[in-house]
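# Descriptive analysis of the structure
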Amino acid sequence: MKTSHSNRRNFIINTGKAVMALGLSTTVIPSIANTFHENTSLLAEEKFKQLPLLYKFDSLQTAIDTQTMEIHYTKHAATYCKNLNDAYLAEVGNKNKSLEEILSAISKYSPKMRNNGGGHFNHEMFWQCMTPNVTTENKPSETLTKNLVKDFGSIEAFKTQFGEAAKSRFGSGWAWLVKSKDGKLIIGSTPNQDNPLMDICELKGLPILCLDVWEHAYYLRYQNKRADYIANWWKIVDWNFVEKKLG
Ligand code: MN
């Protein structure tokens, strides 16, 4: 299974790198591109990539241990990304669609696309929701505070409601803060790798903040104590990112 396909894949990827290194576009070198029957897969296979983390695996230890971060990023999230690229190649092919476009019509795609498209989107956002550059108090800015207080009454009430959503999600899933169509901030949770951009999702809106409550996100350090993971997680939330998302 692995041999011929992965050799060809590596060859295609390496050729692509060489092409990029030469500063050439694949469109101006048809002779090279045409060497491969599946030359379009050069683009499609690599369409989605994990962004490099903006911090080290060991820098969020206030809330998340090094090994969890490393396995989560290099294994779990990497697999979603790879499988998303495979699903994209099989189901979208040569057409150019953004992940957001696909998610908004996810009911038309396979479960593989749903699980891995969601998985990739959710994790890429999750990494950005956290930062090691926090003060001891790690409070949202005045502007953000005003917005949260308007819709939840207080920061504490917001955190409690968000924490409840995260705790009460049975099995694997995510907790979300989203901006609904009418601009109101709402809290909810989704199962598995579903997210609020998906047409099949009950909770709908623009994701502002997300928390991974799959056991793979916390089990090594917290075991069954999901509530402790959530309580500690607030210490590393990147409120600047949340504020930027809110717009
Ligand atoms: Mn995860």
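Further up the page is the structure itself.
In short, a report on the structure. Here the structure is a predicted model, which is why all the values come from computation and not from measurement.

### Looking at the environment of asparagine 240
For asparagine 240, the position within the fold is in helix H11 (residues 239-246). For the pair asparagine 240 and leucine 144, spaced 96 residues apart in the sequence, the C-alpha separation amounts to 8.9 Å.

### Overview of helix H4 (residues 66-91)
What sets the pattern is the α-helix's 3.6 residues per turn: residues three or four places apart point alike. In a regular helix each residue adds 1.5 Å, so 26 residues correspond to 38 Å; H4 covers 36 Å between its end C-alpha atoms and thus fits that length. A maximum bend of about 35 degrees is found in H4 at histidine 72. Among the residues of H4, Thr68, Met69, His72, Tyr73, Ala77, Tyr80, Cys81, Leu84, Asn85, Ala87 and Tyr88 are the ones counted as buried. A distance of 3.3 Å separates the backbone nitrogen of glutamine 67 from a side-chain oxygen at the start of H4, and that oxygen is part of aspartate 65. A positive phi of about 65 degrees marks glycine 93, the residue just after H4.

### What to know about the sheet that holds strand S2 (residues 185-191)
Within the open sheet, the 3 strands sit side by side as S2-S1-S3. Their pairing is antiparallel. The strands lining the two open edges of the sheet, one partner per strand, are S2 and strand S3 (206-212). Between one strand axis and the next, the sheet turns by 25 degrees as a mean value, whatever way the strands run. Looking at chain direction, strand S1 (residues 173-179) and S3 are connected through 6 bridges and run antiparallel. Looking across to S3, one finds that alanine 175 is bridged to leucine 211. Docked against the sheet, H11 engages S1, S2 and S3, running at close to 150 degrees with respect to S3.

Criteria and thresholds
- Residues numbered from 1 in each chain as written.
- Predicted model: local features only at pLDDT ≥ 70, side-chain atom pairs only at ≥ 80, totals over all residues.
- Heavy atoms only, no water.
- Helix = DSSP H or I, 4+ residues; strand = E, 2+ residues; numbered from the N terminus.
- Expected span 1.5 Å × (residues − 1).
- Bend = angle between axes of the 7 residues up to and from the residue.
- Buried < 20%, exposed > 50% of the residue type's maximum accessible area, 1.4 Å probe, protein only.
- Polar contact = N/O pair within 3.5 Å; in protein donor to acceptor, adjacent residues only side chain to side chain.
- Pairing = 2+ DSSP bridges.
- Axes fitted to C-alpha atoms, helices over the stretch in contact; angles between N-to-C directions.
- Contact = heavy atoms within 4.5 Å.

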